[in-house]
Each structure stands twice: as C-alpha cells, then as structure tokens.
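Residue-level listing of the chains:
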Amino acid sequence: MRKILVVNSKGGCGKTTIATNLAVALAARGDDVALADADRQKSSLAWVKRRPENLAAIEALNWSKAEAIGGKNKQLDA
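Attention in this report is confined to the structure presented alongside it.

Thresholds, definitions, all that
- Residues numbered from 1 in each chain as written.
- Predicted model: local features only at pLDDT ≥ 70, side-chain atom pairs only at ≥ 80, totals over all residues.
- Heavy atoms only, no water.
- Helix = DSSP H or I, 4+ residues; strand = E, 2+ residues; numbered from the N terminus.
- Expected span 1.5 Å × (residues − 1).
- Buried < 20%, exposed > 50% of the residue type's maximum accessible area, 1.4 Å probe, protein only.
- Arc of directions from axis to C-beta.
- Patch = residues over 30% accessible without salt bridge, like charges linked within 9 Å, V, L, I, M, F, W, Y side chains within 5 Å.
- Areas by Shrake-Rupley, 256 points an atom, 1.4 Å probe, with all protein chains shown as cover.
- Salt bridge = Lys/Arg side-chain N within 4 Å of Asp/Glu carboxyl O.
- Pairing = 2+ DSSP bridges.
- Right-handed = clockwise from strand over helix to strand, strands pointing away.

Things to note about helix H1 (residues 15-28)
Taking 1.5 Å per residue, 14 residues should reach 20 Å; H1 reaches 20 Å between its end C-alpha atoms and fits that length. All of the buried residues in H1 are Ala 19, Thr 20, Ala 23, Leu 26 and Ala 27. With its buried residues spanning 130° around the axis, H1 presents them on a single face. Taken from the residues just after H1, Gly 30 is the one with a positive phi, measuring 105°.

As structure tokens, this is what we get:
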C-alpha cells in the first residue's frame, strides 16, 4: 500500500487540488484509492460526492476528527 501525504500549514496553497488530481490519476489507472480529508472544510469530501458514478471509484475518508485518523484498516493502493 502506498501513502501520499499532501500537507502545508498555509491555506489556499493548492493542497486539495493536488490531492484530488493525484486521486483521479491513480484511480484512472486502476488503483484502489481512498482520499482522506483532515480539514474542517472537507472540500475534497464534497468533491468526491459530486463526482459522477461512472468514473473510477475514489473512497472518501473523513479524518477531520482526531479519533477518525487512520481508522480505515483496508488494503488500498493510494
């Protein structure tokens, strides 16, 4: 399982854009992908919900609460 972390303390620097684009690219090539969002705004989670169902699946993980972080025990290529 591969893990990619996109992090920066500054807001508005493109973290969500980079993370969602990476998720799409990996899902499109056939990898199983989970996109975890630790931001209170949950922008990437809203984006996953709006994606058409006919596209490659991306699982959304809400990690905005500390107790939820790492709560997914599943083999994923993400």
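Following the structure, the description resumes.
Details of a nonpolar patch on the surface
Together, Ile 4, Ile 18 and Leu 22 give the surface a local cluster of nonpolar side chains, amounting to about 240 Å² of exposed area. Tracing the sequence through the fold places Ile 18 in helix H1.

Description of the pairing of strand E2 (residues 58-62)
Direction of pairing for strand E1 (residues 33-37) relative to E2: parallel, over a ladder of five bridges. Within the sheet, the bridge partner assigned to Val 33 lies in E2 and is Ile 58. Running through helix H2 (residues 43-50), the crossover from E1 to the neighbouring parallel element E2 is right-handed.

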